[in-house]
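Examination of the molecular architecture
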Amino acid sequence: MEGSYTDKTRVLDIKPLRTLKPVFPSGNQAPPFVCAPPFGPFPPGFTPFYPFSSSQHTPDLNQSQHQPSLVTPLRTFRSPPDNTATNGDAVEPPEGSTVKRKIPRKRTPIAQNPNFSSGISAAEKENGDRKLVMSVLTRFDALRRRLSQLEDAKESVTGIIKRPDLKAGSTCMSRGVRTNTKKRTGPVPGLEIGDVFFFRFEMCLIGLHSPSMAGIDYLVLKGGGEAEEEPIATSIVSSGYYDNDEGNPDVLVYTGQGGNADKDKQSSDQKLERGNLALEKSLQKNSPVRVIRGLKEASQSAKIYVYDGLYDVKESWVEKGKSGHNTFKYKLVRAPGQAPAFASWTEIQKWKKGLPSREGMILTDLTSGVESIGVSLVNEVDGENGPAYFTYSATVTSFKLTQQPSYGCECGGACKPGNLNCHCIRKNGGDFPYSGNGVLVSRKGMVHECSPACLCPGCKNKVTQMGVKLKLEVFKTVNRGWGLRSWDPIRAGSFICIYAGEAIDKSQMQPAMANDDYTFDTTRVYTPFKWNYEPGLADEDGSEEMSEEPELPLPLVISAKNVGNVARFMNHSCSPNVFWQPVSYENNGQLFLNFAFFAISHIPPMTELTYDYGVTRTSGAQSLCGKKKCFCGSEFCRGSFG
C-alpha cells in the first residue's frame, strides 16, 4: 500500500540501553544541569514530575527538612539469584562454582495443633527401642494413608504428582514423631536386619538413614590435635541402578555420588568429598557401614528397601563411567554372623522361577487351583507329609442376613473417591475405605464394599472379594504345628485373606466346638491397639475420631476344621503382625459378611503371619485367662490364649 512502505534494507545503528550515555543540554540550550531532592525545593524553571507531583507531596520551600521518598528502591526489583528456586528454597550451586552461597529462605511451617503432643520424650527421641521404632513407623504410615485418602477424594485433577509420604514425613519430623536422632555408626537401637520400608522417609524418622534423597549418610568426626574435621560413613542406600553385587548377595560394589550433571546437563568427574570421602575414611578406619538395598518387586508397584545389616568397606578405586568421566567405586562385604535378608530375597526369586526348587516342598498348590495364586506346602522340620484332610474353600458358608432389596450403586466405570452420590461410599461415612493401590486406610466398625450387583466392574472397592493376591506358603513350625507366611513383602494395610469356613451363631454352637483348634470366635476379648491416624497429627477435629472396635450384627463363630482356607493355618501371637476387620457387601437382597485380615505393619518375606486369637469371656472370673498355653515367644506374651 502506498504511503506505508518501510525500507527494511536500512540498517539502524541501535545500541542496547545499558550502553547509552546520558546527554545533558548545553548552557545555551537550557538552564544549567542541577540536582534537586525528589520533593523539592526546586530552583526557578523546574517543576516536579510524576510520581513526585502528587498533591499530598506538594513541595514546601519553607520546610527545613525534606519528606522521605516513597519510591520503591531499585534493588528490590532484582531478579532472584541463580541458586534460589522459584519456591524460595536454596538450590545447591554446580560443583566448582564460585557463586556466593545465599541464606535459604525459611519454609512455610506446617500449621501446628497447639494441643498435639508426640508423647516421645527427649531421651526417647535420641535413642529408641523396638517398640518405639514400630510405633513411629505405624503413626507415619497411618497419617500417610489418611493424606492419600484426602488427595484421592479431590475432584479436580491437576496433573501434579501427589506425594503424601513427603507431607506425612515432614509433619512427623516437625511434630517430634521420630526417634534415634543421635547419628551413629553401627547398629541402630530398635532396628532389625531384614526390616522393609516402602518410603525413604520411614528410614529418616527412625534414624536408619537420615537423607531423604542422598545415597550416602555420614557424620563428621573431630580429629585429634589440630587435625581438621573428617566425615565417616554411617549408611548407604543401594538403588540397584548403578550398583553391582557380582552375583554374590553378600558383596556390593557401590558407585560414589556426584558428577552426574550440572546445570548444563553435562557429566563431570566425581570428587573425593562429602559422601565419597566418608566411605574412603570408613575404609581407612575399618568402620562398618549400614547397607539398605533397594529392590523392585514384581508384586509391588513401587521400590522396596530392605535393611541388610552391616558391611565393611574393603576396596576403593576410580574407573571411567559410561559418560567417560571418572567415578568412584567401593567394594563392601557383609559382616559374617548376621541373619539373612537380601540373600533371602534373591533365593525367593529363584524359587519363583523354579531354579532351584523350594527345599522341603510337599505340594506346590494345596488349594488345587481354588486360589488364583497357588499356596505351597513345605516341611523342613520333620517327616510329616501335611495337615489333616480338609476341604479347601475360599468363602464363608451357611451365613447370610436377609434385608431390604438393594440394587447397589450406579457408578459407571468405578466408584470414585469423594463421590457422595455413590450408595456404597455413603455407607462408609463418605470416605473411600481403600487407597488407590488397595491399602486399607483405617480400621472401623464395618467396611462396606461394592457388591456384584453394583454397576462398577473395575471398582477398587471390592478388595476382599478378589481373593488372595500374595504368594503364600503353609509351613511346619518347630513347636506350633503348621503356620502361614508369604514369599512376597506385605505392605501395612494390605489385604491378605479372609477367614473362610462354616459360620455359626455363637448361641447355637455345639459344646464340642469350644475346643476346636480351627475356630475364629468374634466374641472373645482382644487386646486393644491403636492403628488409625491421629486427628491432631492430621490437623483434624479429634471429636470426630472413628472407633476401631468391630460392629457385628450378631455374635459369630467360624469353624474351619472341615472346610476352610489358608487363614486356618495362621497361628496366635501376643504381638501379632495381622489384624481382622469385618467387611460386608450386599447381593440379591442379602448381606454377606467376611472377616478379612490386613497387615498391621510392613511384613518382610518369609515372616510368619500371626493374629491375636483373643481370650474367652468367663462369667464371674476376676481376670481373663486363656484356655491354651501360648508359645508365641513375644516379649509381651501374656502366657495363654483362647
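For the chain, the name recorded in an unreviewed UniProt entry is Histone-lysine N-methyltransferase, with Brassica cretica as its organism.

Let's talk about the overall build of the chain
Within the chain, the secondary structure is distributed over seven helices and 26 strands. Split into buried and exposed, the 642 residues of the chain put 44% on the buried side. Contacts spanning at least 24 positions in sequence make up 68% of the contacts within the chain whose residues lie at least 6 apart. A total of about 36,100 Å² of accessible surface is found on the chain, and carbon and sulfur atoms cover 53% of it.

Let's talk about empty space enclosed by the protein
The gaps of empty space that remain are located by a probe, the size of a water molecule, rolled over the atoms. Applying the stated criterion to the full structure yields five cavities of 30 Å³ or more. A volume near 80 Å³ is recorded for the largest cavity. Lining the largest cavity are 14 residues, and of these Cys424, Lys427, Glu449, Tyr585 and Glu586 lie nearest its centre. If you list the elements that add at least two residues to the lining of the largest cavity, you get α7 (423-427) and β22 (578-587). Of the residues assigned to the lining of the largest cavity, the class counts are five nonpolar, six polar and three charged.

Quick look at the packing of helix α2 (residues 130-153) against helix α3 (residues 164-175)
One way to put it is that α2 packs onto α3 with a least axis distance of 8 Å and a crossing angle of 135°. If you check the angle between α2 and α3, you find them oblique. Handedness of the crossing formed by α2 with α3: right-handed. In this structure, α2 contributes Phe140, Leu143, Arg144, Leu147 and Ser148 to the contact, and α3 contributes Pro164, Asp165, Lys167, Ala168, Gly169, Thr171 and Cys172. Taken together, the residues of the contact of α2 with α3 sort by class into six nonpolar, three polar and three charged.

Details of helix α5 (residues 274-285)
Taking 1.5 Å per residue, twelve residues should reach 16 Å; α5 reaches 16 Å between its end C-alpha atoms and fits that length. Every buried residue of α5 is listed here: Gly275, Asn276, Ala278, Leu279, Glu280, Lys281 and Ser282.

Looking at the side chain of threonine 179
Structurally, threonine 179 can be placed in the loop between α3 and β1 (196-197). With near-sequence residues (within four places) excluded, threonine 179 lies in contact with Glu124, Lys125, Asn127, Gly128, Leu132, Val133, Val136, Leu205, Ile206 and Gly207.

With respect to the pattern of salt bridges
Inspection of the entire model under this criterion finds 31 salt bridges. For the salt bridge of aspartate 308 with arginine 293, the shortest nitrogen-to-oxygen distance reads 3.8 Å. Here aspartate 308, found in strand β6 (residues 303-320), pairs with arginine 293, found in strand β5 (residues 289-296); they are 15 residues apart in sequence, far enough to count as distant. By relative accessible area, which is 1% here, aspartate 308 ends up buried.

Thoughts on the nonpolar core
Counting 40 residues, the largest nonpolar core has Met570, Phe597, Leu609 and Tyr611 as the members making the most contacts within it. Of all the secondary-structure elements, those providing two or more residues to this core are β14 (472-476), β15 (482-486), β16 (495-498), β19 (556-559), β22 and β23 (590-599). Setting aside residues up to four positions removed in sequence, leucine 609 forms contacts with Leu472, Leu484, Arg485, Ile490, Ile496, Met570, Asn571, Asn577, Val578 and Ile603. The next biggest cluster of nonpolar side chains, apart from the first, holds 39 residues, and it includes Val136, Phe197, Phe199 and Leu208.

Calculation notes
- Residues numbered from 1 in each chain as written.
- Predicted model: local features only at pLDDT ≥ 70, side-chain atom pairs only at ≥ 80, totals over all residues.
- Heavy atoms only, no water.
- Helix = DSSP H or I, 4+ residues; strand = E, 2+ residues; numbered from the N terminus.
- Buried < 20%, exposed > 50% of the residue type's maximum accessible area, 1.4 Å probe, protein only.
- Contact = heavy atoms within 4.5 Å.
- Areas by Shrake-Rupley, 256 points an atom, 1.4 Å probe, with all protein chains shown as cover.
- 1 Å grid on protein atoms, 1.4 Å probe; cavity = no way out; pocket = protein on both sides within 12 Å on 5 of 7 lines; lining within 4 Å.
- Points joined across faces, edges and corners; volume = space filled by probe spheres on them.
- Nonpolar A, V, L, I, M, F, W, Y, C, P; charged D, E, K, R; others polar.
- Axes fitted to C-alpha atoms, helices over the stretch in contact; angles between N-to-C directions.
- Parallel < 35°, antiparallel > 145°, perpendicular 65-115°, else oblique.
- Left-handed = near helix turned anticlockwise from the far one by under 90°.
- Expected span 1.5 Å × (residues − 1).
- Salt bridge = Lys/Arg side-chain N within 4 Å of Asp/Glu carboxyl O.
- Core = buried A, V, L, I, M, F, W, Y, C linked by side-chain atoms within 4.5 Å.

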